[in-house]
Amino acid sequence: MCGIVGYIGHQTAREVLIEGLKRLEYRGYDSSGIAILNHEPYLARAVGKVAILEQLVWAEKPEGVVGIAHTRWATHGKPTELNAHPHRDCTGQLFLVHNGIIENYAALKERLREQGHTFSSETDTETLAHLIEAGYQGNLEAAVRKALQQVQGTFGIAVIHARHPDEIVVARRGSPIVLGIGKDEAFAASDVSALAQHTDQVVYLEDNEVGRIERGKFSITTLENRSVTRGTTALEIGPEAADRGKFPHYMLKEIFEQPEAVENALRGRVNHSEGVAKLGGLESVLDGLQKARHLIIISCGTSYYAGLFARYVFEALTDLTVETELASEFRYRKLNLRQNTVVLAISQSGETADTLAALREARRKGALVLGLVNVVGSSIARETHAGVYSHAGIEVGVASTKSFTSQLTILTLMALLIGRSRDLSYEEGNTILRGLEMIPDQMREILKQSDPINELAHKYSQAEHFLYIGRKYQYPIALEGALKLKEIAYIHAEGYAAGEMKHGPIALIDPAFPTMALAPEDGSYEKVTSNIQEIRAREGRVIAVTSHGNDKLGNLVDDVIEIPHTHEILAPLLTVLPLQLFAYHCAVLRGCDVDKPRNLAKSVTVE
Ligand code: G6P
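Residues numbered from 1 in each chain as written. Predicted model: local features only at pLDDT ≥ 70, side-chain atom pairs only at ≥ 80, totals over all residues. Heavy atoms only, no water.

**Details of helix α9 (residues 301-317)**
Then, number 1: Compared with the 24 Å implied by 1.5 Å per residue over 17 residues, the 25 Å span of α9 between its first and last C-alpha is a close match.
Then, number 2: Most of α9 sits out of view: 12 of its 17 residues are buried.
Then, number 3: Listed in full, the buried residues belonging to α9 are T302, S303, Y304, Y305, A306, G307, L308, F309, A310, V313, F314 and L317. (Helix = DSSP H or I, 4+ residues; strand = E, 2+ residues; numbered from the N terminus. Expected span 1.5 Å × (residues − 1). Buried < 20%, exposed > 50% of the residue type's maximum accessible area, 1.4 Å probe, protein only.)

**Some details on the site of the ligand**
Then, number 1: Around the ligand sit 13 residues, and of these S303, S347, Q348, S349 and T352 come closest.
Then, number 2: Separating an oxygen atom of the ligand from a side-chain N or O atom of S347 is a distance of 2.6 Å.
Then, number 3: Measuring from an oxygen atom of the ligand, one finds a side-chain N or O atom of T352 at 2.4 Å.
Then, number 4: A total of 390 Å² of accessible area belongs to the ligand in isolation, and the protein chains cover 92% of it.
Then, number 5: For the shell around the ligand, the element with the highest residue contribution is α9, accounting for three residues.
Then, number 6: Counted by class, the shell around the ligand contains four nonpolar, eight polar and one charged residues. (Near = heavy atom within 4 Å. Polar contact = N/O pair within 3.5 Å; in protein donor to acceptor, adjacent residues only side chain to side chain. Areas by Shrake-Rupley, 256 points an atom, 1.4 Å probe, with all protein chains shown as cover. Nonpolar A, V, L, I, M, F, W, Y, C, P; charged D, E, K, R; others polar.)

**Notes on the sheet that holds strand β12 (residues 209-214)**
Then, number 1: Pairing is antiparallel in the open sheet, where seven strands are placed in the order β5-β6-β7-β8-β12-β13-β14. Each having just a single partner strand, β5 (87-88) and β14 (227-228) make up the two edges of the open sheet.
Then, number 2: By the bridge criterion, six bridges tie strand β6 (residues 94-99) to strand β7 (residues 155-161) in an arrangement that is antiparallel. Of the residues in β7, the one forming a bridge with L94 is H161.
Then, number 3: Sitting on the sheet, helix α4 (residues 125-135) touches β5, β6 and β7, and the angle it makes with β6 is about 140°.
Then, number 4: Across the sheet, helix α5 (residues 140-148) touches β6, β7, β8 (168-173), β12 and β13 (217-222), and the angle it forms with β7 is around 145°. (Pairing = 2+ DSSP bridges. Contact = heavy atoms within 4.5 Å. Axes fitted to C-alpha atoms, helices over the stretch in contact; angles between N-to-C directions.)

**So, the nonpolar core**
Then, number 1: Among the nonpolar cores identified, the biggest contains 93 residues, and L282, F314, M414, F466, Y468, L485 and F582 are the most heavily contacted of them.
Then, number 2: If you tally residues by element for this core, the top one is helix α18 (residues 572-589), at 11 residues.
Then, number 3: With near-sequence residues (within four places) excluded, Y468 lies in contact with A478, G481, A482, L485, A493, E494, G495, Y496, M516, L579 and F582.
Then, number 4: In this structure, L17, L21, L24 and V50 belong to the second largest nonpolar core, which totals 27 residues. (Core = buried A, V, L, I, M, F, W, Y, C linked by side-chain atoms within 4.5 Å.)

**Notes on the environment of V97**
Then, number 1: Relative to the helices and strands, V97 is located in strand β6.
Then, number 2: Overall, V97 belongs to the buried group, its relative accessible area being 0%.
Then, number 3: In sequence terms V97 and Y389 are 292 residues apart; their C-alpha atoms lie 30 Å from each other.
Then, number 4: When residues no more than four places from it in sequence are discounted, the contact partners of V97 are I4, I68, A69, H70, H85, P86, G156, I157 and A158.

**Quick word on the packing of aromatic side chains**
Then, number 1: Across all of its chains, the model carries eight aromatic pairs by this definition.
Then, number 2: Aromatic pair Y304 and Y305: ring centres 5.7 Å apart, planes at 50°, arrangement tilted.
Then, number 3: Here the aromatic residues Y460, F466, Y468 and F582 are joined through ring pairs into a cluster of three or more.
Then, number 4: For the cation-ring pair, R244 lies above Y250, with the distance from its terminal atom to the ring centre recorded as 6.0 Å. (Phe/Tyr/Trp six-rings, centres within 6.5 Å; stacked < 30°, edge-to-face > 60°. Lys NZ or Arg CZ within 6 Å of the ring centre and 35° of its normal.)

**As for helix α14 (residues 426-447)**
Because an α-helix completes one turn every 3.6 residues, residues spaced three or four positions apart along the sequence face the same direction.
Then, number 1: An ideal rise of 1.5 Å per residue puts 32 Å on 22 residues; α14 measures up with 32 Å between its terminal C-alpha atoms.
Then, number 2: If you check which residues of α14 are buried, you get G429, N430, I432, L433, G435, L436, I439, P440, Q442, M443, I446 and L447.

**Some thoughts on the pairing of β8**
Then, number 1: Of all six residues that make up β8, six are buried, and the element is covered over most of its length.
Then, number 2: Burial of the side chains of β8 extends over both faces: I168, V170 and R172 are buried on one face and V169, A171 and R173 on the other.
Then, number 3: In terms of strand pairing, β7 meets β8 through five bridges, oriented antiparallel. In the sheet register, V159 faces β8, and the bridge partner there is V169.
Then, number 4: Hairpin connection from β7 to β8: six residues lie between these consecutive antiparallel strands.

**A few points about the sheet that holds strand β11 (residues 201-204)**
Then, number 1: Ordered in space as β3-β2-β4-β1-β10-β9-β11-β15, the eight strands form an open sheet in which the pairing is antiparallel. Since the sheet does not close on itself, it has two edges, and those belong to β3 (42-47) and β15 (233-234), each with one partner.
Then, number 2: Relative to β3, strand β2 (residues 31-36) runs antiparallel, the two being bridged by six bridges. Within the sheet, the bridge partner assigned to S32 lies in β3 and is A46.
Then, number 3: Sitting on the sheet, helix α1 (residues 13-24) touches β1 (3-8), β2, β4 (66-72) and β10 (185-189), and the angle it makes with β1 is about 155°.
Then, number 4: Its contacts with the sheet place helix α2 (residues 50-60) against β2, β3 and β4, and it is angled at close to 150° to β3.

**Let's talk about the pairing of β7**
Then, number 1: Taking burial as the measure, the seven residues of β7 include seven buried ones, the bulk of the element.
Then, number 2: Residues of β7 alternate between two faces, with F155, I157, V159 and H161 on one and G156, A158 and I160 on the opposite face, all of them buried.

**A few points about the pattern of salt bridges**
Then, number 1: Under the counting rule described, the total for this entry stands at 35 salt bridges.
Then, number 2: Notably, a salt bridge pairs D593 with K49, separated by 3.2 Å at the nearest N-O pair. With D593 in the segment after α18 and K49 in the loop between β3 and α2, this residue pair connects regions lying 544 residues apart in the sequence.
Then, number 3: Judged by its relative accessible area of 32%, D593 is partly exposed.
Then, number 4: R444 is the partner of E263 in a salt bridge, and the nearest nitrogen-oxygen pair spans 3.1 Å. Note that E263 is positioned in helix α7 (residues 258-266) and R444 in helix α14, a separation of 181 residues in sequence. (Salt bridge = Lys/Arg side-chain N within 4 Å of Asp/Glu carboxyl O.)

**Description of the environment of N208**
Then, number 1: Positionally, N208 belongs in the loop between β11 and β12.
Then, number 2: Sequence separation between N208 and R145 is 63 residues; the distance between their C-alpha atoms is 9.5 Å.

**Notes on the environment of T384**
Then, number 1: Inspection of the secondary structure puts T384 in the loop between α12 (379-383) and β22 (386-389).
Then, number 2: Considered as a pair, T384 and H465 are 81 residues apart in the sequence and their alpha carbons are 40 Å apart.
Then, number 3: Excluding residues that lie within four positions of it along the chain, T384 makes contacts with L359, R363, V369, L370 and G371.
Then, number 4: A distance of 3.0 Å separates a polar side-chain atom of T384 from the backbone oxygen of I380.

Here it is in structure tokens:
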């Protein structure tokens, strides 16, 4: 979603800023813009890809060593040049970029209009530029603080002013801002990937804080102007982490990184001698976990499907009652949290607005709130009582892949940790652990089938509809497989619990409506086979994902993808890979923008 980069130093700002914007492209956006301070401040904005803005800027070659830039994902007002950020005040000296939503912008705008301010866009953001202008008396930081005190809603902002060429002022509430401090230069961004190639010394702003960067320096205060002391921390990811290497798309690279991502998720977390998992991030709350009776999992998108998987796993390995809820629904329910309820938020980015709001609600209600997050230092990671990082590495493709399998791995470890402190036996614990350790190599076997799966994509990619079915552990994978196909290949796909098929979707089945059936040889295999029979009887075409060597499906289905044998709890870690590859190859064949699918964002920071 929207991205912010700011630079102050000695390098040519246009180059640093455009490069930063490119690093943020993966988040999803529909327009972009840049402002640079010079004798005459420079502003350029464009609809569409950053490459279009880049051409403009390259042609005009604005000088200057201080500037801000933005990728916008439209919320208030269409994606037009005028609505793109940066926005200006009436004097044309102040420039501002903003992520988030100003909820009371209409009232503020009305008041500012009455005071004589003129607006040129339909955005909520422009109101902020004028609000700062209205309170400006020579001190930019003070004016920003005064303006933000009047604002309801969320913001991550960066502001520059022609009369203040030695500073950039930033602020945050609900939308991340990270500062990067280099030698005689400083950066601000909404996401570390925009500054990781320049410095590894970063500072995360907390909610309701205002930051000020100068060359090689920074300071932080609260919105009420209390000074905050905070040092820099060293960044863990290197700049090369986000390069595509030999792969044509980030998504394919990330699909192929899954064996390693699972290895990283397991590293140092397996204790064979006790048949249990060791999760350092949960040690401070082991008492609370010991007392836990109920678990509520909250998340969105692909992370929600990881949560659905977790429900089956926690129920199988522990005695907890488990609910999995969409964060966007959970936060609006009247919550009667029972005693000893633990809430677990799952999020790749750690910034998803609904998940963040839901966990805050759970905290307010007194629950112990845990996080399973990929991005280190993200808001969700910082606002939970304790948690586990998935360590999947930076994920650039908008459609989540390696984060998902990392999540499944760690959720299984969490269930083992709790299960073993209750009635799960040592043997059962160790069987799962041994199975988990085999997963990376088994994944490597599946990835070798990328070419045959590409051939299947040639056969099926013209379908306009697809049904995905699975039972029990495979049900969330059916949902995830269908999500992948619609997200990146724009094929309408429905994920269904196989048993529900006869309650609706079967009415749709005909030769033009194929089905992907998840049928590993597990406890539900016979039942899924019956569902496949029902589809065949309606002339539906079927691709089955089944266990290696199972030749019983031969006559029943059109195509088969085989996966290695594993424990049924762990099979989702394998069955999801062919579905990711299938969606990827279909998307490429259909000419879709795989890494940046239309209308989608990597990190959804609006509600
Ligand atoms: C967006 C992304 C999805 C992701 C979802 C939840 O919709 O496009 O890939 O699954 O957000 O994001 P999170 O970062 O909370 O896991």
